[in-house]
Structures are given as C-alpha cells and as structure tokens.
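Structure at a glance
Spelled out, the chains give:
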Amino acid sequence: MIELELRRLRHDRTELYFRAVQPILWIVIFGPVMGTIKAIPTGNIPYTDFITPGVLIQSTTFLCIFYGLTIVWERDSGILKKLLVTPASRYATVIGRSMASGIRAIFQGLIVIPVALIMGVKFIPNPAYFIFAFVIIFLASGGFAAISILAASFMKTRERFMGLGQAIIMPLFFASNALYPVQIMPQILKDFSAFNPLSYVVDAVRGLLITGDLTNLPIDLAAIAIFDVILFILASVSFRRIIE
Amino acid sequence: MEIAVDVKNLVKIYKPKTRALDGIDLSVESGIAFALLGPNGAGKTTLMRILTTQLRPTTGDAYVFGLNVNREGGKVRRLISYVPQEMSVWTDISGYENLLIYGKIFGIPSHERKQIIDDALANMGLSQVANSLVKTYSGGMVRRLEIACAILIKPKIMFLDEPTIGLDPSAKKIVWETLTSFKKEYGVTVFFNTHYMDEADLYSDRIAIIDRGKIVKLGSADELKRSLGGETISFSLAGNNINETTLRKIRTLTSVRDVIVSNTELNILSENAETTLLEAMEILRIEKIPLEKISIMKSTLDDVFLKYAGSRLETTGRMSEVTHTRDMIRRG
C-alpha cells in the first residue's frame, strides 16, 4: 500500500505542491505579522519558529484527513470491493492505507521545511532529531488517516465527506497548541486540548525541531501510540461497512 | 464432478424491505463457464457479492468449493478472484504497477512475481502498454487489465460481474477468447453475470436466468432454446399444389413435431431444423413440388429470456446500462 502511494507520487505530485501553499502562507505571512505584535507569549523563541511545527503538522493532518476522499473514490469505483475480496486482512488493508497517507505527509513536510529555513526559522541542527520528528509525523498521520477512513465508512459521498472533513480538522487545529501555547487558553479548551492528539504531535515535533525540550516526549509518544491503535481498530471494524 | 458453487435457499433483504434475493437454489459444477443472466435489478450482483464474501445473506447458505462464504470467508477469498462491474484499477499508475501491487496484496512470492505479471500482461495483450498510465487506456484495455489482475493468482473460480459492459464487439471478443483459453488451460470455473444474451449464448456452458431474486430457468443455451418448442422451417411454395400424401410423409420424419400449411406457406416445426430440412427437401423433390424460398427460424436466447423473465430487460436494462456506461466514461 505504501508502495502504491510512492508510485502515485512519482507520477503526479501536483497535489502536494498545492497543499503546501497554505502552510507556507502561515509561515511567510501569519507568523511574521503576529510575531511583530508579540501578543502571544512563546517564551524566548520567535513566533514564526513557534508556529512552524504547528502549521507543518496542520498541513500533514489536513492531507491525511482528506485521504478518506481517495477511499470514497475507490468505493465509487470497484477498487475497494476488489481489495476486500483479496486474502489480505481488513486490519492490514486499513493500516496499510493509513500508513500510505503518512508517506504523503512526509513528502509534504519536506516541501514546507525549506521554506521555513528561508524565513529564518532556527531548527535544532541535529539530523537524528529531524528523522525522529518525521517518524512521529509519519506515525501520527497514520492515525489521522484512520480517522478519515472511519469517516469515509459513514459518509459515503464526496460532498458529505468534504463537509465532515472540515468539521474535524478546524477544531483539532484551533484547540491545539499549534498556534499558541495551551496555557493561555480558557480552561474548557485546555481540557479539550488534553484529548487532542494534534497537541501531542505538535509538542513532540516542536521539542525535536525547535526548542530541544524533550521532557514531554515519552508522554507524547504514548499518546500518539494509543491514538493510533484505537483508530486503527475502529477504522478496521467499520471498514466493511463502506461497501455495503 | 466437483461442485464449485452451491447455494441453498438464499435470501437477501436490503433495508427497509427490498427483497433482492428471494430464495435462490443453485449448484454449479467446477470447470465450466456459468452465466447468470437477468435484467438489471434481478439480483445478479447481490448474489455475486454474497458469493465473494462481501455481503452477508439474510438467511440461507452459500458454499464455494465446500466452504461456507459466511463462516469461512478468509479461506474462500484465497480461492477466488473477482472483477467488479465498476472500474477497479488505479488510473494514476501504470498497468504493470497495478498488477505489481495486487501481486503483493495476494502474497505472490517476489521471485515469481515478475514472471507471473509478464505472463498475465502477455495473455491479455497488454505487454505493449504495460508502462503507460492506466488513464490513457481504452475501456477494453482497462477491462483486460482487470482480468489480468484476476488471473494473477490462478484462482479456482473467477467471479466476473458484467465483464464486457460498455465494450465494443471486438474488445468483447478478445476478452472472451482469453477467458475461454484460460478456463481450458487451468480448469478455472468462470462464474459471470450478464444481461447480454449473445454473451451467455456463445461463451457459457450453463445458464441460469434470474428475475426478481429468483432463478426462473436453468440449463445449457441449447436446452433453454429447445424448451421453447423447437425450430421452424418455412417453405414458400411456387403453387398451391401440396397433397395429403406429402404432408403425411413429412409428419413421419423423426424430429418433426407439427406441419402447418396455409396457402402457399408450408411450416414445419422441428426439434432439429438442419436434419429435417434435408429430409423434407428430398420428399418435396420426389413429389415434384416446386419451391420459391426456404427459411429457418431458430429460437434465440432472447425468446427464452422473454418467456421466462418477461420484457423487463428492454425497459429497465437499457437505461441503467446507459447511465453505467456513462459513469465509466466519465471516470476515464
């Protein structure tokens, strides 16, 4: 499944380029502008640096949440039916598809990072941290893609799916630590953020790429792992529903 | 003879109360080409989807090579391959890559994979375009690629849902020639749905006619046609001078069922028009009865179909076929 995605990307990368526009705008425009008014306490790191991991993750998550569209398309065509008739198990199919989306996410990240570098974002110059950050993005993306597959098994048309996709992604993004530290949020959002997988991913990647503060890393990893496992199971269980 | 498909009193009800299958009983021997013929909405696809473990029946049992499709789905899926009605390949990668990915999903060992894929492509006449993107393929090529996918694992039974829908006659012919030779070579059972009479007539060993969720008739194409009451030989006589003796002689011929004369028309109903024709010609020659014209009317599968499934094919079949073909075109 991952190979399928790589081969697709080899033939057509247009989607990735266009999808990279949005995070680039955040980094190039939103970050510097908000940074100048210093309204948000980000400690001693510049605001653009602070939000770079956030928008990076936001863009990869976006990509994954809409991965379900591919599944909806495959449902309309006969591909899903055929896949479900192969000896491969549902779990293998769902996890494979989800991880394939992770591959897309990594390529997306590889487009955004150079732009951030040009904007003067200071990354921690440690290749091991970089690789680890991308592994985290890859794993977390799988979980988000599983959400998407789960959603696709309920929303069987593109239009409904688009609506639901938006409804999932925006709350995840705004009620996370992507754009501002959780500490400045109202209590209710703080509570929500504690259950928001996006926050853990952003925290881990921010620690690895920007701040170098890895104290929360084990918790973040545990949260991502739990999130992945739960979503993989849910998505696999409901996967059969999609073709009925 | 091994039984490939065995279906017992199968019922499928879609909510709220569409009775898609209404008590199907069916038994298909292995190694044959079996056609499930019926108008759209008759339950063909539903039956096939139950047999391929995609849907669960509401009541009743279905077995593929003795394995219960409901309880032993995993084992069934190792024996079968399936080509759905809709397009089922990825269009944004090449034909070879499609087969490669399916090959991996099916778990074909890597050292055999390339050879098997190359063989499948060659069998389907796609070697030339193996590395082009599937979007650039014609409808017939896409279908052949799908069948190439289905033959990768040398299944014991292939399920094909409307395999030639939307294809032009030559593409149709190529698809069936390959399927037939594949069937001969590997003894694969081919189970297909269709609403094209000619296809069922030419390429199947046995036909089941399904209508409104029930099997209404089962047999080989010839048996079904004969069940309608045989074939008619029609002689136009040059005069009105046929006598009783001649008619009696013709009536005593082996396969003749009835002889009807009206003015200058002599109609012979026979179970085997070809042999009766020779014999009747001989009698008419001896009796010196001049003829103007001879024609043979055989019943076609259309007649069989009309008799057992009514005329619904004409009305509902065409429309949904048109929309379906359009869908295929729109998707590229």
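Just so it is clear, the structure is predicted and the values come from calculations on it, not from any experiment.

1. Brief notes about the overall build of chain B
Along the backbone of chain B there are twelve helices and 14 strands. With respect to the three principal axes, the spread of C-alpha positions in chain B is 80 × 45 × 40 Å. Considering only intrachain contacts with a sequence separation of at least 6, the fraction spanning at least 24 residues in chain B is 71%.

2. What to know about the nonpolar core
One finds Val205 of chain A together with Leu99, Leu145 and Ala148 of chain B to be the most contacted residues of the largest nonpolar core, which totals 144 residues. Per-element accounting of this core gives the leading share, 13 residues, to helix α8 (residues 127–154) of chain A. Other than its neighbours up to four places away in sequence, Leu99 of chain B contacts Ile117, Ala120, Leu121, Ala148, Cys149 and Leu152 of chain B. Core analysis: the second largest hydrophobic core is formed by eight residues, Ile233, Phe235, Ile250 and Val259 of chain B among them.

3. Focus on the packing of helix α11 (residues 197–211) of chain A against helix α12 (residues 217–239) of chain A
When two helices pack together, their arrangement is given by the angle between the helix axes and the distance between those axes. Residues and elements named next belong to chain A. One can describe the packing of α11 onto α12 by two numbers: an axis separation of 9 Å at closest approach and a directional angle of 140 degrees. It follows from the interaxial angle that α11 and α12 lie oblique. Remark: the crossing between α11 and α12 carries left-handed chirality. Contacts between α11 and α12 pair Pro197, Tyr200, Val201, Asp203, Ala204 and Gly207 from the former with Leu217, Asp220, Leu221, Ala223, Ile224 and Phe227 from the latter. Counted by class, the contact of α11 with α12 contains nine nonpolar, one polar and two charged residues.

4. Some remarks on the sheet that holds strand β5 (residues 67–68) of chain B
Residues and elements named next belong to chain B. Taking strand neighbours across the sheet as the criterion, the four strands line up as β2-β1-β4-β5 in an open arrangement whose pairing is antiparallel. Two strands in the sheet have a free side with no partner beyond their single neighbour: β2 (18–29) and β5. By the bridge criterion, nine bridges tie strand β1 (residues 3–14) to β2 in an arrangement that is antiparallel. Bridged to Leu10 within β2 is Ile24.

5. Observations concerning the domain arrangement of chain B
Under the domain assignment used here, chain B contains domain 1 (3–225) and domain 2 (229–297). In this structure, domain 1 of chain B and domain 2 of chain B have C-alpha centres spaced 45 Å apart.

Cut-offs applied
Residues numbered from 1 in each chain as written. Chains lettered and ligands numbered in written order. Predicted model: local features only at pLDDT ≥ 70, side-chain atom pairs only at ≥ 80, totals over all residues. Helix = DSSP H or I, 4+ residues; strand = E, 2+ residues; numbered from the N terminus. Contact = placed C-beta atoms within 7 Å. Core = buried A, V, L, I, M, F, W, Y, C linked by C-beta atoms within 7 Å. Buried ≥ 20, exposed ≤ 12 C-beta atoms within 10 Å, placed from the backbone. Axes fitted to C-alpha atoms, helices over the stretch in contact; angles between N-to-C directions. Parallel < 35°, antiparallel > 145°, perpendicular 65-115°, else oblique. Left-handed = near helix turned anticlockwise from the far one by under 90°. Nonpolar A, V, L, I, M, F, W, Y, C, P; charged D, E, K, R; others polar. Pairing = 2+ DSSP bridges. Domains from an automatic or database assignment.

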